[in-house]
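# Summary of the model geometry
Here is what each chain is made of, one letter per residue.
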Amino acid sequence: MSPQIAAILGLVLMFVIATALPINMGAVAFALAFLIGTVFLGMGAEQIIAGFPGDLFITLVGITYLFAIAQKNGTIDLLVHHAVRAVRGHIAAIPWVMFAMAALLTAVGAVSPAAVAILAPVALQFARQYRISPLMIGLLVIHGAQGGGFSPISIYGGITNQIVARSGLPGDETALFLASLGFNLLIAIGVFFAFGGVELLRRRPEIAPASPEAEVSTPEVARRLQIEGHGTSPAAQLASRAPRTTASEYRVTLTQMVTLCGLAALAIGALAFSLNVGLVAMVVAVLLALISPQEQKSAVDKISWSTVLLVGGVITYIAVLQRSGAIDALGQGVSGIGAPLLAALLLCYIGGVVSAFASSVAVLGATIPLAVPFLQQGQIGTAGMIAALAIASTIVDVSPFSTNGALVVANAPEEERDSIYKRFLLYSILIVVAGPALAWLLLVVPGWL
């Protein structure tokens, strides 16, 4: 058996085992990476371990640790409260505010994982307190970050435009940016209405945080109190039972003020100075832990270790898969197909499938040069093909094995994490299947770019 076939079969086996049995896929991936890397590729342990995503490990641990501390000292609740007041209690606006903020951050130069790392924990706290689908709000954060990610001054946009220029192809920076933003906005609208957007639009504005007591409408509570026949009036009983939010509950403590400064430092360091978001988060978390050792006591337990194992194992295995040459062989075979439109579709799928597990920038750097031969024939619009490849290679970053998807899953409430992971996995499979085809259909086939 050739190394390429063995590596692909290992990938299939990994998914089958993790789906059929309650075993962490990351653990299976580590085992298969060692077995296939050693037996079929002659790799040593050091070479296999070199594929472990150390930067992603630090990001996941640092961010979840920091926001666990911020959650325990009430800082996240404080941010959520004031944000809801800012939108005048219109809960349906919150997911779109998150989408717009993520798009703005990446459009002005932030890397997508940094924007998601900063916004996802707060967005998921909104979801928890205001009964918003965590899947929906998490996806809107990611699609917002991807939508703004190809502006001419962004990281993804700049790298893609450089690759296009080095390949000797004519590029259109504005078309690339607008295509990515429009495509992700279209997907986000579908996600919003598919996962509870209609119900959010029907809600009355809420000012106080939602609570179990507030889930029953005021008239219904009053009716029940009348039936129970208490001595006081229903209105008085209702007032005594209703959740109260006083100004003192949201008075900023010294610890919260330091936490807010730390979160601001994280944002500025990651966005303005391109510092590693995981390492900055770890520094801020340790400083907060030194200030309030007791409050952070159980914060380490809130780190999403299962997600760290999952992502670390899968990405390590993908590095072994790439080392086998399976992906390069597949890409070269596609580039030799005589039908340009079919070759374009297959390249979009290669970019999408590989990018669901690997670096989107690395995938773009590999797939765009493969498209050069048939783009030079002039039968396919260059700008449309580049935009389709860019979208196909980044739209799949909702995958729980990619940095963005993993960040959302890792910051989900512990009791819901497994459920959210499974829903993210199903959604990412749908996107991998439909996303590249839709990008190809909208941007390549019409030939208007």
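Only a predicted model underlies this, so the values are computations on that prediction, with no experimental measurement involved. (Residues numbered from 1 in each chain as written. Predicted model: local features only at pLDDT ≥ 70, side-chain atom pairs only at ≥ 80, totals over all residues. Heavy atoms only, no water.)

### Thoughts on empty space enclosed by the protein
Summed over all chains, the structure comprises four cavities of 30 Å³ or more. Put simply, the largest cavity is a space of about 60 Å³. Lining the largest cavity, in full, are Asn 161, Val 164, Pro 170, Gly 171, Asp 172, Ala 175, Leu 176, Thr 382, Ala 383, Ile 386 and Ala 387. Secondary structure elements with two or more residues in the lining of the largest cavity: α9 (155–166), α10 (173–194) and α20 (382–394). With four residues, the top contributor of residues to the lining of the largest cavity is α20. Tallied by class, the residues present in the lining of the largest cavity amount to seven nonpolar, three polar and one charged. Its boundaries defined by the atoms lining it, the second largest cavity holds a volume of some 40 Å³. In this structure, the second largest cavity is lined by Phe 52, Pro 53, Leu 56, Phe 57, Leu 60, Val 308, Val 311 and Gly 312. Put simply, the parts of the chain that give the lining of the second largest cavity at least two residues each are α4 (54–72) and α16 (305–323). (1 Å grid on protein atoms, 1.4 Å probe; cavity = no way out; pocket = protein on both sides within 12 Å on 5 of 7 lines; lining within 4 Å. Points joined across faces, edges and corners; volume = space filled by probe spheres on them. Helix = DSSP H or I, 4+ residues; strand = E, 2+ residues; numbered from the N terminus. Nonpolar A, V, L, I, M, F, W, Y, C, P; charged D, E, K, R; others polar.)

### As for helix α14 (residues 254–271)
Since the α-helix packs 3.6 residues into each turn, any two residues three or four apart lie on the same face. Over its 18 residues, α14 extends 26 Å from the first C-alpha to the last, a length consistent with the 26 Å expected when each residue adds 1.5 Å. Looking at α14, one finds that the buried residues are Thr 255, Gln 256, Thr 259, Gly 262, Leu 263, Leu 266, Ala 267, Gly 269 and Ala 270. (Expected span 1.5 Å × (residues − 1). Buried < 20%, exposed > 50% of the residue type's maximum accessible area, 1.4 Å probe, protein only.)

### Focus on the environment of Ser 355
By secondary structure assignment, the location of Ser 355 is in helix α18 (residues 340–355). Taking C-alpha positions, Ser 355 is 5.5 Å from Ser 393, a pair spaced 38 residues apart along the chain. Beyond its immediate stretch of four places on either side in the chain, Ser 355 contacts Ser 360, Val 363, Ser 393, Val 396 and Asp 397. (Contact = heavy atoms within 4.5 Å.)

### Quick word on the environment of Gly 44
Along the chain, Gly 44 turns up in the loop between α2 (25–39) and α3 (45–49). On the accessibility criterion, Gly 44 (25% relative accessible area) is partly exposed. The sequence separation of Gly 44 and Phe 34 amounts to ten residues, and the corresponding C-alpha distance is 8.6 Å.

### Focus: the packing of α4 against helix α7 (residues 112–129)
As a packed pair, α4 and α7 sit with axes 11 Å apart at the nearest point and diverge in direction by 40°. Taken together, α4 and α7 sit at an angle that is classed as oblique. Helix-helix and strand crossings are classified by hand; for α4 and α7 the assignment is right-handed. Packed against α4, whose contacting residues are Ile 63, Phe 67 and Gln 71, the element α7 presents Ala 117, Ile 118, Pro 121, Val 122 and Gln 125 at the interface. When grouped by side-chain class, the residues that make up the contact of α4 with α7 number six nonpolar, two polar and no charged. (Axes fitted to C-alpha atoms, helices over the stretch in contact; angles between N-to-C directions. Parallel < 35°, antiparallel > 145°, perpendicular 65-115°, else oblique. Left-handed = near helix turned anticlockwise from the far one by under 90°.)

### Details of the packing of aromatic side chains
Applying the stated criterion across every chain, the model contains five aromatic pairs. Pairing Phe 30 with Phe 52 gives two aromatic rings, centres 6.2 Å apart and planes at 20°, and the pair type is stacked. Here the residue Phe 30 occupies a position in helix α2, and Phe 52 occupies one in the loop between α3 and α4, the gap between them amounting to 22 residues. Owing to a relative accessible area of 32%, Phe 30 belongs among the partly exposed residues under this scheme. Phe 52 gets classed as partly exposed once you look at its relative accessible area, which sits at 31%. Ring centres 5.2 Å apart and planes at 85° place the aromatic pair Phe 192 and Phe 193 in the edge-to-face group. Look at Phe 193 and you get partly exposed, because its relative accessible area is 46%. (Phe/Tyr/Trp six-rings, centres within 6.5 Å; stacked < 30°, edge-to-face > 60°.)

### Some remarks on the side chain of Ser 133
Take Ser 133: it is sitting in the loop between α7 and α8 (134–147). You can call Ser 133 buried: its relative accessible area is 19%. In this structure Ser 133 touches Ala 127 and Phe 195, once residues within four positions along its chain are discounted.

### A word on the nonpolar core
The biggest cluster of nonpolar side chains holds 133 residues, and the ones touching the most others in it are Leu 66, Ile 137, Leu 266, Val 314 and Met 385. Element by element, the count of residues in this core is highest for α7, at twelve residues. (Core = buried A, V, L, I, M, F, W, Y, C linked by side-chain atoms within 4.5 Å.)

### A short note on the confidence of the model for the protein chain
Interpretation of the predicted coordinates at a detailed level should be avoided for regions scoring low in pLDDT. Residues at a pLDDT of 70 or more form 84% of the protein chain, whose mean pLDDT is 80. Counting interchain partners and residues more than four positions distant, the pLDDT-below-50 stretch residues 208–248 has 34 contacts. (pLDDT = per-residue confidence, 0-100.)

### Thoughts on helix α21 (residues 403–410)
Burial of α21 is extensive: seven of the eight residues sit out of reach of the surface. Where α21 is buried, its residues contact α4, α7, α8, α16 and α22 (417–444).

### Description of the packing of α4 against helix α15 (residues 277–291)
The interhelical angle for the contact between α4 and α15, taken along N-to-C directions, is 35°, at an axis separation of 8 Å. α15 is crossed by α4, and the crossing has left-handed handedness. Between α4, through Ile 58, Thr 59, Val 61, Gly 62, Ile 63, Tyr 65, Leu 66 and Ile 69, and α15, the contact on the second element is made entirely by Val 277, Gly 278, Leu 279, Ala 281, Met 282, Val 284, Ala 285, Leu 288 and Ala 289. Of the residues assigned to the contact of α4 with α15, the class counts are 14 nonpolar, three polar and no charged.

### Some details on the pattern of salt bridges
Evaluation of the coordinates by the stated rule reveals two salt bridges. Between Arg 128 and Glu 415 there is a salt bridge whose closest N-O contact spans 3.0 Å. With Arg 128 in helix α7 and Glu 415 in the loop between α21 and α22, this residue pair connects regions lying 287 residues apart in the sequence. Assessed through its relative accessible area of 55%, Glu 415 is described here as exposed. A salt bridge links Arg 203 to Glu 199; its shortest N-O distance comes to 3.0 Å. (Salt bridge = Lys/Arg side-chain N within 4 Å of Asp/Glu carboxyl O.)

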